Structures are given as C-alpha cells and as structure tokens.
Amino acid sequence: MRDNLLCLEKQYEFLFVRHGETDWNLQGRIQGHTDIELNATGLQQAHDVANLLTQADISYIVTSPLLRAKKTAEIIRQTHNVPFYEEDDLREAMFGEAQGQARQGWAADWRAGEYCPEGAESFLQFQQRVIRGLNASLAHSSQHQKGLPLIVAHGGIYWAICHALDIGGELDIPNATPVRLYTEQGKWQMKPLMEWVNVVGGMM
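What you see as residue numbers is a count from 1 along each chain, following the sequence as written. With pLDDT at 70 or above as the cut-off, local features in this predicted model cover only qualifying residues; side-chain atom pairs require 80 or more to be listed or tallied, and sums for whole chains, interfaces and linings still use all residues. Side-chain metrics in this entry use all non-hydrogen atoms of the structure; hydrogen atoms and water are not considered.

1. Observations regarding the overall build of the chain
This is how it is decided: The numbering of helices and of strands both runs from the N terminus, where a helix is a DSSP run of H or I of at least 4 residues and a strand a run of E of at least 2. Remark: exposure states derive from per-residue accessible area (1.4 Å probe, protein chains only) relative to the maximum for the residue type, with buried under 20%, exposed over 50%, and partly exposed in between. Contacts were defined at the residue level, with two residues in contact if any of their heavy atoms lie within 4.5 Å.
Assigned secondary structure in the chain consists of eight helices and six strands. Counting helices and strands in the order they occur from the N terminus, the chain gives α-β-α-α-β-α-β-α-α-β-α-β-β-α. When each of the 204 residues of the chain is scored for burial, the buried share is 50%. Once local pairs closer than 6 in sequence are excluded, the contacts in the chain between residues at least 24 apart make up 70%.

As structure tokens, then:
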C-alpha cells in the first residue's frame, strides 16, 4: 500500500494539524463522521495554533470538510493568505454504531484489523481512503512551488498517515497540535512545532 503514496514518490514534506477541541472530545465520546463544532476551548486552540504557525512558510491549506477541522483551518487561514481546499477523503473514520459512544479502548484492535464496530469502516478501508485524500491534497503542490502544504484534519487521519509512512512512536496527537512530516535518509519522520522551529524563529 505504501507504494501508492504520492508523497513517497515525490518525497513531499507537509505540515499537519489536528482540529481544536469539541465537547465530544472533552466528554471522551467517539465523533467519526458526526459533525460536531469546536467548543470555546477549541476556538481558542485554533487561534493559538494560528499564531504559532505564523513562523511557518505555508503554501496552501487542505482541510477535512467536517466543521471541527474546517473551522480550525479557517482560523489558521486568517494569518496566512494562501489557497484553501477541502478534501472529502480527509473526513474522520466512519465508526458506525460506535459514534456518540464513550471510548472503550478498542482503537488499537481496530487498527490491527482485529475489531470493527457495526457499520464502521475497517482500518484498511479507512487507510485506503486517507491515502487517496493525501495524494489529492499533495497534488496541489505542483501549483505552489514555495512553502509547505498544511493539512488540517483528525486524529484518525493522523493514525492512518503515520501507519502508511511507517512512522513509529505515539500515534495520538493532541488537539490543535502542529507537526511536520518529512524524509530524512530515506525514512519518514515527524517532529512537533517546537523541534522544527529554530532559535531565530525560522524553519529548520
């Protein structure tokens, strides 16, 4: 599956931000395709990450169409006058009957293909969709030669990207946290914001 990734073929670098907090995040409920808006904390997080990203050279923004991601992306765009795209394949996973329920610790089994809630996408189906969405998102780079694309989406999207790019470590990404994904010596790496902004405030 990794051979089908455009970012592997072209060795694109890109930035990723998970959306700000929602009430369902706070309550530990599974959102999936349920279109939940940012809460007051999430709106403030979006403004905070927008301020952090003023140090980044962003070429364009691609967002999931779900409200929590789109609003986060729109707030970031207020500090970056760059092209803005929506990509339907960057929606969070469809978790079927589990949507709206409390988290119950089965995410690792779902990613391993050992469990799938009734009516949900399997992780394999989800990852194939995410790869399609990532390819479509990065294809815009041919029109924007300077800077890095920013993808604003969901925790599950980040899981799928890290799995596809064989990036190890902690898969959970906090709300409104910016990371950079890039290649080094032929291997994909991830670094959070404070590790890829240098001491003079520019991009490493």
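Further notes follow.
2. Overview of the pattern of salt bridges
Formally: By convention in these notes, a salt bridge is any Lys or Arg side-chain nitrogen within 4 Å of a carboxyl oxygen on Asp or Glu.
Following the criterion strictly, the structure yields five salt bridges and no others. Where Arg-129 meets Glu-121, a salt bridge forms, and the shortest distance between an N and an O atom there is 2.7 Å. For the residue pair Arg-129 and Glu-121, the accessibility class agrees, reading buried in each case.

3. Here's the deal with the environment of His-154
With respect to the helices and strands, the residue His-154 is situated in the loop between β4 (148–153) and α7 (155–164). We classify His-154 as buried; its relative accessible area is 0%. Linking His-154 and Leu-90, residues 64 residues apart in sequence, is a C-alpha distance of 7.9 Å. Leaving out residues up to four positions away in the same chain, His-154 has contacts with Phe-16, Arg-18, His-19, Ser-64, Leu-66, Arg-68, Ala-69, Leu-90, Arg-91 and Glu-92.

4. Remarks on the side chain of Thr-63
Relative to the helices and strands, Thr-63 is located in strand β2 (residues 58–63). A residue is classified by how much of its surface remains accessible, and Thr-63, at 0% relative accessible area, is buried. For Thr-63, the residues in contact, after removing those within four places along its chain, are Ala-69, Lys-70, Ala-73, Phe-84, Tyr-85, Glu-86, Glu-87 and Val-152.

5. Section: the packing of helix α3 (residues 40–52) against helix α4 (residues 67–77)
What counts here: Angles shown run from 0 to 180 degrees and are taken between the N-to-C directions of axes, each axis being a line fitted to C-alpha atoms and, for helices, limited to the stretch in contact. Angles below 35 degrees are treated as roughly parallel, those above 145 as roughly antiparallel, those between 65 and 115 as roughly perpendicular, and all remaining angles as oblique. By convention, the crossing between two helices is left-handed when the near helix turns anticlockwise from the far helix through less than a right angle, and right-handed when the turn is clockwise. Ten residues, namely Ala, Val, Leu, Ile, Met, Phe, Trp, Tyr, Cys and Pro, are considered nonpolar, four, namely Asp, Glu, Lys and Arg, are considered charged, and the remaining ones, Gly among them, are considered polar.
Orientation of α3 relative to α4, taken along the N-to-C sense of each, is 40 degrees, at an axis distance of 8 Å. Accordingly, the angle class assigned to the pair α3 and α4 is oblique. Considering only the axes of α3 and α4, their crossing is right-handed. Contacts between α3 and α4 involve Leu-43, Ala-46, His-47, Val-49 and Ala-50 from the first element and Lys-71, Thr-72, Ile-75 and Ile-76 from the second. Split by residue class, the contact of α3 with α4 holds six nonpolar, two polar and one charged.

6. Thoughts on the environment of Gly-96
Positionally, Gly-96 belongs in the loop between β3 (84–86) and α5 (107–111). Measuring from C-alpha to C-alpha, the distance between Gly-96 and Cys-116 comes to 9.0 Å, with 20 residues separating the pair along the chain. Ignoring any residue separated from it by four or fewer positions in sequence, one finds Gly-96 in contact with Glu-118, Gly-119 and Ala-120.

7. Quick notes on the sheet that holds β2
Going by this rule: In this scheme, strands are said to pair when DSSP sees at least two bridges between them.
Taken in spatial order, the six strands make up an open sheet running β3-β2-β4-β1-β5-β6, and their pairing is mixed. The strands lining the two open edges of the sheet, one partner per strand, are β3 and β6 (187–192). Across this sheet, the average inter-strand angle for adjacent strands is 25 degrees, counted without regard to direction. In this structure, strand β1 (residues 14–18) lies alongside strand β5 (residues 178–184), joined through four bridges in antiparallel fashion. Following the sheet pairing, Phe-14 is matched in β5 by Leu-181.

8. Some thoughts on the packing of helix α6 (residues 123–139) against α7
Running from amino to carboxyl end, α6 crosses α7 at an angle of 85 degrees, the nearest separation of the two axes being 9 Å. Of the possible angle classes, the one that applies to α6 and α7 is roughly perpendicular. Along the contact surface, α6 presents Phe-123, Phe-126, Gln-127, Val-130, Ile-131 and Leu-134, while α7 presents Gly-156, Ile-157, Trp-159, Ala-160, Ile-161, His-163 and Ala-164. Along the lines of polarity and charge, the residues of the contact of α6 with α7 split into 10 nonpolar, three polar and no charged.

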